Each structure stands twice: as structure tokens, then as C-alpha cells.
Amino acid sequence: MRDGEQAAGGALTLEEKIEVGRQLQKLGVTVIEAGFPSTSPGDFEAVQFMSREFRDVEIAALSGFKEEQLSRTWEALQDAETPLLHTVISTSDIHIDQQLHMTRAELVELTDHTVRFARNLAPHVEFSTMDATRSDRDFVVEVLATAIRAGATIVNIPDTVGYSMPDEFGELVSYCMDNVPGIDDVVVSVHCHDDLGHAAANSLTGVMRGVTQVECTVNGVGERAGNASLEEIVMALRTRQDFYEADTTINAPELLRTSRMVSAHMGMVVPPNKAVVGGNAFAHSSGLHQDGMLKERTTYEIMRPEDVGQGGSKIVLGKTSGRHAVRNHLKEMGAEIEDDRVFEDIFQSFKRIADRKKEITDRDIEAILEDRAHRAFHQTYELDLLQVTCGTDGIPTATVRLKTDDGKMLEDAALGDGPVHAVYQAINRIVNVPNVLTEFTVSSVTEGIDALGGVTIKIESRGRAFTGHGSDTDIIVASAQAYMNALNRLLDVLGGGGPAEAETVSV
Ligand code: KIV
Ligand code: ZN
């Protein structure tokens with residue numbers, strides 16, 4: 001979670017982190033690195049919450065090497081059932097000279113002091129040699145040996161900048177395994193970035209060379225090009241056990257649900273061709289492949305879609321379904337909703353879509369749940385009415401009516417270069433908060449002519465980015481919902497705004 005959230009524009013709210021954390025537990029991960037507490041009060045709160053509330057999973061938190069950073073990190077972490085204090089120091093000459101301005105000897109001394117200080121606080125300490133793959137490997141060995149002597153219980157070999165090739169990375173891991181005194185008594189971990197697209201391959205090579213911990217992220221999100229994808233590593237190990245002779249504790253049927261949750265909360269769309277969790281990962285298009293599939297599934301499938309949470313039941317619900325059936329169905333999908341108000345909100349969204357679609361699939365229901373997840377913060381405005389005129393002739397025009405959190409109805413209209421632009425202009429006239437739209441993605445959530453369209457956007461205001469998501473059978477409505485979603489998130493965090501030109505109406 002910590003490195004995943006380092007993805008540009010991917011920051012999560014506390015509620016989102018907790019929800020993802022709970023899902024990671026269902027997924028069966030053994031360690032959740034919940035944050036970097038000394039860098040932000042939000043991370044401190046998230047680490048402290050998960051440490052106090054989550055059981056049967058190790059909670060890790062990253063810390064810089066300074067004593068006050070380690071103490072602050074420990075303060076957030078200390079109530080965890082199994083706390084893991086993770087600290088990091090770079091070992092490459094580039095980092096030592098250009099960033100840390102130290103000598104190698106000073107760095108070895110710093111490692112010894114840092115790990116001893118951390119071990120006086122915490123029973124489990126992980127030590128990472130940042131930029132290990134661009135470091136002199138004998139120096140990596142020396143620093144890892146120092147960390148182990150000082151009490152580290154896990155040592156981590158990161159490919160921080162995604163520079164290594166799989167064979168090369170494997171050699172570095174083996175070199176450390178063969179030459180670091182005491183390495184057999186600690187857990188050895190790898191942590192690979194994807195700058196050259198080798199993060200999963202490098203991590204798996206680490207497993208082949210004997211490491212037992214892989215640090216990875218759902219959907220491969222993370223700093224720059226991201227981290228190794230959890231779902232790719234898990235399914236490679238499971239599908240090719242004959243090759244790797246290793247497996248994980250991961251409950252793979254939860255992979256897709258986890259991927260969708262992370263994608264929705266971070267506003268990062270999963271490409272259709274993404275391995276394991278992409279929308280096309282089990283779609284067979286060419287005649288030759290379809291012919292093979294109809295004769296025998298294994299001709300073109302190496303994994304079963306249901307084993308990773310893809311596929312499953314389809315036409316189960318329709319517009320005549322009542323609350324009982326919907327509640328039951330949600331339960332079968334693993335989404336038990338206890339709060340009646342939350343359920344009612346979901347049920348009303350279901351009814352709206354069921355009125356316009358013949359069949360409601362699990363994917364439609366998941367889209368409704370994702371939309372709700374996006375609204376897990378204060379709703380200053382709600383879209384009450386939207387009317388758009390557009391076509392080949394004339395100027396696109398939109399009228400919108402928004403309901404405020406204190407029940408007022410505000411109405412305005414605007415012209416635009418296109419229908420979505422007109423809608424956004426009309427909303428701007430009411431909400432009146434300066435922002436710039438930096439990303440706008442439309443995707444089809446379900447199949448068919450009555451498909452649900454999903455719109456994911458990003459807006460920026462006062463140096464902060466906010467994502468928004470909406471889905472509807474009408475793509476203009478989905479675009480309006482996505483914008484309202486992002487604006488509400490912005491207002492929740494930054495405040496401000498308020499009607500400037502809008503007319504208050506009675507309805
Ligand atoms: O990429 C990296 O080196 C890290 C360390 C903190 C492990 O994220
Ligand atoms: Zn990293």
C-alpha cells in the first residue's frame with residue numbers, strides 16, 4: 001500500500017486505505033505495508049488504525065533512518081499484533097555521493113546505528129538496501145551483513161529504479177545468499193520496480209534464487225512505472241508450480257475484486273489487456289481460438305477465469321427484483337451490506353439501471369458498488385437533473401440542477417464545445433471552484449448496446465489532484481457524475497466554492 005500510493009495522483013483517503021486494507025486481508029496477504037508515518041499525519045493515522053484494528057496480518061511501516069523518524073514510525077505501529085518496522089538506506093555510489101553526501105564507511109556505520117536503534121523499539125525490523133541493483137555487490141553484501149549483525153530480521157534487496165535484467169537480478173540475489181554471513185537466519189525479500197517492464201520477472205527470479213518474501217502491489221501501481229504486480233506473481237507461481245516449486249497464501253478468487261477496488265479508489269483504469277485482471281484476459285476473439293475453446297478450454301486458457309475471480313454468474317437480477325433478492329445477491333458476491341441506508345442507496349442505483357437494461361450482471365452490480373466506494377466522503381452536491389442538447393447543428397447546451405447537502409436545489413445552464421464541456425461549464429457556474437481537468441477516460445464497464453459506460457477523470461486545484469468516477473448507460477450522465485464525484489472530493493479536502501451565478505429553484 002505504501003509504495004502503491006506513491007503512484008503520481010494515486011493518493012488514498014483514510015477511509016479508502018482502510019477499505020483496501022480489509023480487502024488485502026481477505027486476499028490473504030501476510031504483510032501490509034500501511035504507510036510512511038513520519039512523512040504525513042494521514043499516513044500516521046492509517047498505520048495506527050490498521051495496527052490497532054487488524055488482526056492475523058503483519059502491519060509494516062516505512063521509516064527514514066533518523067532517530068526521530070524511527071520513533072515516530074514506531075509510535076504509529078506499536079499496537080499491531082505483529083508490527084514490522086521497515087527502514088532503508090541507499091547503497092549505490094550514485095545515491096551515496098549525490099544524495100546522501102557520505103562515504104561508504106560512514107554509511108556502514110549509519111546502517112549499524114539505525115538498525116540497532118530500530119531493534120530497541122521493535123521486535124521485527126526490515127532493512128532495505130535502496131538502489132541495490134546499481135550498487136557494488138560486495139558493498140551490498142557488507143551493508144546487509146552489518147544490518148543482520150545489528151538485529152535486522154528481514155533484509156530486502158530492492159531494484160529501486162527498475163534497472164536490472166532478470167538473470168542479473170538473480171545473480172545479485174544468489175551472491176547475497178552465498179556471501180552475507182547470517183543470511184540463512186533472516187527472511188530475505190525482494191522489491192522490484194517496473195521501469196523496463198521486468199518487475200514481475202525479476203521478483204520471480206528472486207523466488208527461484210531462494211527468497212521467501214516478495215514486495216508487490218495490486219495492479220502493479222506505484223512510484224513511476226510502478227511495482228511488481230501482485231496478481232501476476234501469484235498466478236505465475238500457482239500456474240507454474242512445476243517450474244517455481246513455490247506458492248503463496250493468496251486467496252486468488254479475490255484478485256479481481258481487489259484489483260477493481262484499487263483501480264476505483266486510485267482512479268487508475270486497468271488496461272483491458274492486463275495479465276490476470278484485465279477485462280480481456282480471458283476473452284477469445286479469433287475464430288481459430290474460439291474453435292479451440294469450444295472443443296476444449298485448455299487449448300487456449302492456462303488459468304481458469306473463476307480461479308482469479310473473473311466470470312461467474314451472469315443474468316440473475318432484473319427490474320422486477322426486490323430488496324431481498326438484491327441483498328442476497330450482494331451477499332453471494334461477498335459484499336454484505338449491514339447499514340440499511342447504504343443498502344437503500346445501492347438499491348436505488350440498481351433500480352435506476354435496471355429500468356434501462358434488460359439484464360443486470362455481476363459487473364453492473366460491481367460498478368454500482370465502485371461508484372459508492374467513490375462517494376465515501378462528504379457529498380456537498382448531488383446531481384439531481386441533467387438535460388443536454390447536442391447534435392450535428394447548433395451549439396451544445398446543458399442544463400443542470402444540483403441538490404446541496406442542506407437540501408437546496410440550484411439550477412444553471414451553459415454552452416460548450418461539446419455536450420460534456422457544456423455540462424461541466426453549467427456545473428462550474430454552480431459549484432464555482434477553480435480547477436483544471438487533466439484526465440478524462442471513458443470505458444465500457446459491461447458489454448452490449450445497453451452497456452454501462454464508466455468515466456474516470458482527474459481534476460487539479462491548488463496543487464492537489466482529485467479523481468472522480470461515474471457509470472451509467474448514458475455516457476454524458478456518467479461524465480457529469482464523475483465530475484460531481486471529483487468536485488465533492490475536492491470540496492471535502494480543500495473546502496471553498498459556493499454558488500456564484502446559480503439560481504435557487506423550488507422543485
Ligand atoms: O523502491 C525502493 O527501494 C523502496 C524501498 C523503501 C524498499 O520502496
Ligand atoms: Zn519501491
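Residues numbered from 1 in each chain as written. Chains lettered and ligands numbered in written order. Predicted model: local features only at pLDDT ≥ 70, side-chain atom pairs only at ≥ 80, totals over all residues. Heavy atoms only, no water.

A. Up close: the overall build of the protein. Within the protein, the regular secondary structure consists of 17 helices and 14 strands. Over its C-alpha atoms the protein spans a radius of gyration of 25 Å, differing by no more than 12% from the 23 Å that the globule rule assigns to 507 residues. With the C-alpha coordinates of the protein rotated into their principal frame, the extents come out at 75 × 60 × 45 Å. Long-range pairs, those at least 24 residues apart, make up 64% of the contacts in the protein between residues at least 6 apart in sequence. Carbon together with sulfur atoms contributes 49% to the accessible area of the protein, which is approximately 23200 Å² in total. For the protein, the centre of its 46 positive side-chain charges and the centre of its 79 negative side-chain charges are spaced 5 Å apart. (Helix = DSSP H or I, 4+ residues; strand = E, 2+ residues; numbered from the N terminus. Rg over C-alpha atoms; globule rule 2.2 N^0.38 Å. Contact = heavy atoms within 4.5 Å. Areas by Shrake-Rupley, 256 points an atom, 1.4 Å probe, with all protein chains shown as cover. Lys, Arg positive; Asp, Glu negative; His and termini not counted. Charge placed at Lys NZ, Arg CZ, Asp CG, Glu CD.)

B. Layout of the pattern of salt bridges. Scanning the model with the defined rule gives 29 salt bridges in all. Across the salt bridge formed by Lys274 and Glu231, the nearest N and O atoms sit 3.0 Å from each other. Within this pair, whereas Lys274 is found in the loop between helix H11 (255-266) and helix H12 (287-295), its partner Glu231 is found in helix H9 (residues 230-239), the two being separated by 43 residues in sequence. We note that Lys274, like Glu231, is buried. It is possible to trace a salt-bridge network through shared partners that takes in Arg2, Asp3 and Glu33. (Salt bridge = Lys/Arg side-chain N within 4 Å of Asp/Glu carboxyl O. Buried < 20%, exposed > 50% of the residue type's maximum accessible area, 1.4 Å probe, protein only.)

C. The arrangement of the domain arrangement of the protein in detail. By the assigned domains, the protein splits into domain 1 (1-81), domain 2 (85-215), domain 3 (287-374) and domain 4 (381-494). Each of domain 1 and domain 4 was reduced to a C-alpha centroid, and the two centroids are 33 Å apart. (Domains from an automatic or database assignment.)

D. Structural view of the packing of aromatic side chains. Inspection of the entire model under this criterion finds four aromatic pairs. Look at Phe343 and Phe347: their rings are 6.0 Å apart centre to centre, the planes differ by 25 degrees, and that puts the pair in the stacked class. Note that Phe343 and Phe347 are positioned in helix H14 (residues 340-356) at a spacing of four residues, about one turn of the helix. In this pair, the class of Phe343 matches that of Phe347, namely buried. Between Tyr424 and Tyr483 the ring centres are 4.1 Å apart and the planes differ by 10 degrees, which places this aromatic pair in the stacked class. One end of the pair, Tyr424, is in helix H16 (residues 419-431); the other, Tyr483, is in helix H17 (residues 475-494), with 59 residues separating them in the sequence. In this pair, the class of Tyr424 matches that of Tyr483, namely buried. Connected via pairs of aromatic rings, a cluster forms that spans Phe343, Phe347 and Phe350. The ring of Phe139 has Arg104 lying over it, and the distance from NZ or CZ to the ring centre is 4.9 Å. (Phe/Tyr/Trp six-rings, centres within 6.5 Å; stacked < 30°, edge-to-face > 60°. Lys NZ or Arg CZ within 6 Å of the ring centre and 35° of its normal.)

E. Spotlight on a nonpolar patch on the surface. Taken together, Leu437, Phe440, Val442 and Ile475 make up a surface patch of nonpolar side chains, about 310 Å² in accessible area. Here the nonpolar patch takes three residues from strand E11 (residues 436-444), the largest share from any one element. You can call Val442 partly exposed: its relative accessible area is 45%. (Patch = residues over 30% accessible without salt bridge, like charges linked within 9 Å, V, L, I, M, F, W, Y side chains within 5 Å.)

F. Quick peek at the sheet that holds strand E3 (residues 83-90). Sheet architecture is open: seven strands sit in the order E1-E2-E3-E4-E5-E6-E7, paired in parallel fashion. Looking at which strands have only one partner, the edges of the open sheet turn out to be strand E1 (31-35) and strand E7 (213-215). Between one strand and the next, the sheet's axes are offset by a mean angle of 25 degrees, whatever the strand orientation. Looking at chain direction, strand E2 (residues 58-63) and E3 are connected through five bridges and run parallel. Bridge assignment links Ile59 to a residue of E3, and that residue is Pro83. Contacts from helix H3 (residues 67-77) reach E2 and E3 within the one sheet, and its direction differs from that of E2 by about 160 degrees. (Pairing = 2+ DSSP bridges. Axes fitted to C-alpha atoms, helices over the stretch in contact; angles between N-to-C directions.)

G. Fine view of the coordination of the zinc ion (ligand 2). Those protein atoms acting as donors to the zinc ion (ligand 2) are Asp3 (OD), His191 (NE2) and His193 (NE2), and they sit at 2.0 to 2.1 Å. The sequence pattern formed by the donor residues of the zinc ion (ligand 2) is D-x187-H-x1-H. Here Asp3 is found in the segment before helix H1 (14-27), whereas its partner His191 is found in strand E6 (residues 187-192), with 188 residues between them in sequence. Of the two residues examined, Asp3 and His191, each falls in the buried class. (Donors = N, O, S within 2.8 Å, 3.2 Å for Na, K, Ca; no water.)

H. Quick look at the pairing of E2. Most of E2 sits out of view: five of its six residues are buried. When E1 meets E2, the two strands line up parallel, connected through four bridges. Following the sheet pairing, Ile32 is matched in E2 by Ile59. Once you follow E1 into helix H2 (residues 41-53) and on to E2, the crossover reads as right-handed. The β-α-β motif built from E2, the intervening H3 and the parallel element E3 has right-handed crossover chirality. (Right-handed = clockwise from strand over helix to strand, strands pointing away.)

I. Fine view of helix H7 (residues 166-179). Taking 1.5 Å of rise per residue, the 14 residues of H7 would be expected to cover 20 Å, and the 20 Å separating its terminal C-alpha atoms lies within 8% of that figure. Along H7, the residues that are buried comprise Phe169, Gly170, Leu172, Val173, Ser174, Cys176 and Met177. Lining the buried residues of H7 we find helix H6 (137-150), strand E5 (154-159), E6 and helix H8 (199-208). (Expected span 1.5 Å × (residues − 1).)

J. Quick look at the site of ligand 1. Arg2, Asp3, Leu62, His86, Ser128, Met130, Asn156, Pro158, Thr160, His191 and His193 make up every residue found near ligand 1. The side chain of Asp3 places a nitrogen or oxygen atom 3.0 Å from an oxygen atom of ligand 1. The fraction of the free accessible surface of ligand 1 (260 Å²) that becomes covered by protein chains is 96%. If you list the elements that add at least two residues to the shell around ligand 1, you get strand E4 (125-130) and E5. A class-by-class count of the residues in the shell around ligand 1 yields three nonpolar, six polar and two charged. When residues of the shell around ligand 1 are assigned to domains, at least three fall in each of domain 1 (1-81) and domain 2 (85-215). (Near = heavy atom within 4 Å. Polar contact = N/O pair within 3.5 Å; in protein donor to acceptor, adjacent residues only side chain to side chain. Nonpolar A, V, L, I, M, F, W, Y, C, P; charged D, E, K, R; others polar.)

K. Main features of the packing of H16 against H17. At a closest axis distance of 10 Å, the pairing of H16 and H17 adopts a crossing angle of 35 degrees. Considering only the axes of H16 and H17, their crossing is right-handed. Residues Pro419, Val420, Val423, Tyr424, Ile427, Asn428 and Val431 of H16 touch H17, and the partners they reach there are Ile476, Ser479, Ala480, Tyr483, Met484, Leu487 and Leu491. When the residues that make up the contact of H16 with H17 are grouped by side-chain class, the tally is 12 nonpolar, two polar and no charged. (Left-handed = near helix turned anticlockwise from the far one by under 90°.)

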